[in-house]
Amino acid sequence: MKKKLQLTVVVAFSLLFAAKAQDASHEKPRSEISLEGMVGVSFGNNFYALNVGGPALFLVLNPDLKIGIGALPSIYLLNGKAGARLGVSPRIDYKNLVFIAPFYHRDTTGEWIWSVGMGYKFHKKN
């Protein structure tokens, strides 16, 4: 009799646990798509670039204002010729606006190309 009671308790808990697990599996998985980062454009002497924000180091002055320096992977147009290059830029982030002054080194000529521009920061929604 004691074994039947134990078996009944084990079966009851198993069924209860299986029912609870099945309820959890019916919850819809939550997926989301969002953009996070910065995209900007900069202009110089016969130079145009589309920049995306790379790693950066910031001094946070308040929740809306940060200053720093960062890497900017860029696609550029110089004297009518397209290319890709990693730029370095001081930047000022104010809310979603980013002010940048990227500079690029050209290995073939040894010159530095300077530009200035603006970007927009995308934030992941919580």
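Residues numbered from 1 in each chain as written. Predicted model: local features only at pLDDT ≥ 70, side-chain atom pairs only at ≥ 80, totals over all residues. Heavy atoms only, no water.

Caption draft 1: Focus on the overall build of the protein chain. Across its full length, the protein chain carries 1 helix and 9 strands. Secondary structure elements of the protein chain, listed N to C terminal, follow the sequence α-β-β-β-β-β-β-β-β-β. Taken over 126 residues, the protein chain has a buried fraction of 21%. Within the protein chain, contacts between residues at least 6 apart in sequence are counted, and of these 42% link residues at least 24 apart. Accessible surface, the protein chain as shown: approximately 9,700 Å² in total, 65% of it carbon and sulfur. (Helix = DSSP H or I, 4+ residues; strand = E, 2+ residues; numbered from the N terminus. Buried < 20%, exposed > 50% of the residue type's maximum accessible area, 1.4 Å probe, protein only. Contact = heavy atoms within 4.5 Å. Areas by Shrake-Rupley, 256 points an atom, 1.4 Å probe, with all protein chains shown as cover.)

Caption draft 2: Representation of the packing of aromatic side chains in the model. Scanning the entire structure with this criterion turns up 6 aromatic pairs. With a centroid separation of 5.9 Å and 80° between ring planes, the pair formed by Phe-43 and Tyr-48 is classed as edge-to-face. By relative accessible area, which is 45% here, Tyr-48 ends up partly exposed. Taken together, the ring pairs in this structure connect Phe-47, Tyr-76 and Tyr-104 into an aromatic cluster. When the ring centre of Phe-58 is taken as origin, the NZ or CZ atom of Lys-66, which lies over that ring, is 4.4 Å away. (Phe/Tyr/Trp six-rings, centres within 6.5 Å; stacked < 30°, edge-to-face > 60°. Lys NZ or Arg CZ within 6 Å of the ring centre and 35° of its normal.)

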